[in-house]
Amino acid sequence: MSKAISQVPLAVNEPVNSYVPGSPEVKSLIDTYKKMWAEKVEIPMIINGKEVKTDKKVQLQSPQDHAHDFGFYYQGGMQHVDDAINAALAAKEAWNALGWEQRAAIFLKAADLLAGPYRDVINAATMIGQSKNVHQAEIDSACEFIDFLRFNVEFMTEMYSEQPVSDNGIWNRVEYRPLEGFCFAVTPFNFTAISGNLPTCMAMLGNVVVWKPSDKQVYSAKVIMDVLTEAGLPAGVINMIFTDGKETAEKVLAHKDFAGLHFTGSTKVFQGMWKMIGDNIHNYRTYPRIVGETGGKDFVIAHPSANVEAVATALVRGAFEYQGQKCSAASRAYIPKSLWADVKKVMEAQMATIKIGSPEDPSNFVNAVIDKNSFEKCKGYITRANESSEATVVIGGTCDDSKGWFVHPTVIETTNPQYESMVEEIFGPILSVFVYEDAEWKETLKLVDSSSPYSLTGSVFSQDRYAIAEAYKALENASGNFYINDKPTGAVVGQQPFGGGRASGTNDKAGSKMNLLRWTSVRSVKETFVSPKDYKYPYLG
């Protein structure tokens, strides 16, 4: 054990490479992309630190070119789930016993590996497998994941240092134990950083993890495991499996040693898993921790005093970066009648310059949606809007699946604030706009709050401080992350802790100390230096 009270390196946000045309960093990244694009990658599961291969190979296809085969992963079965659980539990004692400084060093090293030799690799894997452009890959798979690792180490040490006061003759202290059992991380396709953070933040605190990444994100998941292995993560601490989602959940959530679920994905799936946990509650050794972030129907509301260019730019960026496949993406907008014509004009001018295509060309702002199902879903909303008497496609509306799953940025204007695309989560590059009468600002605030079951992110645009304060209060439960005169996307670790309530999740704020507390079990310790020798208190005389 350490004989010192260690101070970790100060966490600062990783600088974002700009990738300006002709820069060395863009040349290096695109060269790496082309090299990895031409290769055939083989991706095994990782259980107890070993590569696990099966006789079932699943071909990997890139969203921007669904005819291109860039490799395969090995799909596992329920025996592999059992193996992963057993490996985690077998690793638990030694991992728990390791000093926190030793655990911290592993994840700080992983951050430096990502910032250095693995930066192009994890960005390129994200570009190929998840169709992110150079900027979106950089801010996600490199910078945000690096930030999670470094800031979580700092948050961990701050948490450990928070201790109770002590009275005369006694010493009070608390220790932050890992959960008793194993944890289960279920991660999405759309953010490599989330896929890295969910298992690592639990492991950092001494927990052992079974990790099931999305089958659309296995390439960058492989890179994450490569980095953690090189950083010195012991075998069995994090076990990565590629297995059927429903069957895996049923097996994991029925295990007596299941201790915690860290989830990002759909509301329906999370609710189903919560029900499974409830149905199995009598089986568990302890009450499991349940943390989930489950999507949104994120809003932008503009006051009549808002700046037109600022609103238009926020909508274009907020709705169409990464093809709207962010749980925080601007998906519904409420624009006053006095501004709408000008806002639309600016949006039309900006969107006319947007290039669409493969991430291999860094000048492409919009890339492909993740798969055929997403493409067909988006196409359906556009088709129905074209046929509806309540909606009009005013910008975009083009879809092309001849080579990749490309949906062009689309703006739907509707006269019905309850129209399907205004209230349903689409997860694609489709923005719906409801134009309200300027005099109905207060009523529209109520509409924003009541129109969606979600409560993740939202924005208000106004130059009137009274209007901002009014929206701030009226929408206090409508979003977990609230933005004033900015787009509702782009939360930064350590700056804007991320998460929402209602149907958007448990609001446990990834990128903050609040989240880490969920993966600890606190023990209070009172030590009395001179113990009483008689039962009688003074009042007994």
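Here, every reference points to the structure presented above.
Residues numbered from 1 in each chain as written. Predicted model: local features only at pLDDT ≥ 70, side-chain atom pairs only at ≥ 80, totals over all residues. Heavy atoms only, no water.

For this particular structure, what's the right way to read the sheet that holds strand S14 (residues 391–395)?
Hydrogen bonds along the backbone pair up the strands of a sheet, which may run parallel or antiparallel. Reading across from one edge, S14-S17-S18-S13-S12-S20-S21 is the order of the seven strands in this open sheet, with mixed pairing throughout. Here the strands that pair on one side only, and so sit at the sheet edges, are S14 and strand S21 (481–484). The mean inter-strand angle of the sheet, taken between neighbouring strand axes irrespective of direction, is 20°. Alignment of strand S12 (residues 298–302) against strand S13 (residues 330–336), held across four bridges, turns out to be parallel. Note that in S13 the partner of Phe299 across the bridge is Arg332. (Pairing = 2+ DSSP bridges. Helix = DSSP H or I, 4+ residues; strand = E, 2+ residues; numbered from the N terminus. Axes fitted to C-alpha atoms, helices over the stretch in contact; angles between N-to-C directions.)

Whenever I open this one, the environment of Lys487 confuses me. Can you help?
Here Lys487 shows up in the loop between S21 and strand S22 (501–502). In this structure the C-alpha to C-alpha distance between Lys487 and Ser459, which are 28 residues apart in sequence, comes to 6.3 Å. Setting aside residues no more than four positions away along its own chain, Lys487 makes contact with Ala314, Arg317, Gly318, Glu321, Ser459 and Phe461. A polar contact is formed between the side chain of Lys487 and the side chain of Thr489, at a distance of 2.9 Å. (Contact = heavy atoms within 4.5 Å. Polar contact = N/O pair within 3.5 Å; in protein donor to acceptor, adjacent residues only side chain to side chain.)

Which parts of the structure should I look at to understand the nonpolar core?
Phe107, Phe184, Trp211, Ile238, Leu253, Phe258 and Leu261 are the most contacted members of the largest nonpolar core, which has 103 residues in total. For this core, the element with the most residues is helix H5 (residues 134–161), which contributes twelve residues. Among the nonpolar cores identified, the runner-up in size contains 27 residues, and Ala333, Ile395, Val433 and Phe461 belong to it. (Core = buried A, V, L, I, M, F, W, Y, C linked by side-chain atoms within 4.5 Å. Buried < 20%, exposed > 50% of the residue type's maximum accessible area, 1.4 Å probe, protein only.)

I tried to follow the pairing of S12 on my own but got confused; where do I start?
Regular strands have side chains that alternate between both faces of the sheet. The buried fraction of S12 amounts to five of the five residues, a majority that puts the element mostly inside the structure. Covered by surrounding structure in S12 are Asp298, Val300 and Ala302 together with Phe299 and Ile301, the residues of both alternating faces. Handedness of the S12-helix H10 (residues 308–320)-S13 crossover: right-handed. The pairing of S12 with strand S20 (residues 457–461) spans four bridges and is classified as parallel. (Right-handed = clockwise from strand over helix to strand, strands pointing away.)

Explain the pattern of salt bridges to me, please; I cannot follow it from the model alone.
Pairing of side chains with opposite charge becomes possible as their charged atoms draw close. Across all of its chains, the model carries 28 salt bridges by this definition. Here Lys513 makes a salt bridge to Glu158, at a shortest N to O gap of 3.6 Å. Highlighted residues: Lys513 in helix H16 (residues 513–517) and Glu158 in helix H5, separated in sequence by 355 residues. A residue is classified by how much of its surface remains accessible, and Lys513, at 22% relative accessible area, is partly exposed. Judged by relative accessible area, Glu158 falls into the partly exposed class, the value being 32%. Within this structure, Glu14, Asp112, Arg119, Glu138 and Arg150 form a network of salt bridges that share partners. (Salt bridge = Lys/Arg side-chain N within 4 Å of Asp/Glu carboxyl O.)

Looking at this structure, how should I read the pairing of strand S4 (residues 57–62)?
Taken together, the six bridges between S4 and strand S5 (residues 65–74) define a ladder with antiparallel strand orientation. Paired with Val58 across the two strands is Tyr73, which belongs to S5.

Honestly, the sheet that holds S5 in this entry has me stumped. Any pointers?
Ordered in space as S1-S5-S4, the three strands form an open sheet in which the pairing is mixed. Each edge of the open sheet carries a strand with a single partner, namely strand S1 (41–43) and S4. Here the strands of the sheet are splayed against their neighbours by 40° on average, with no regard to which way each runs.

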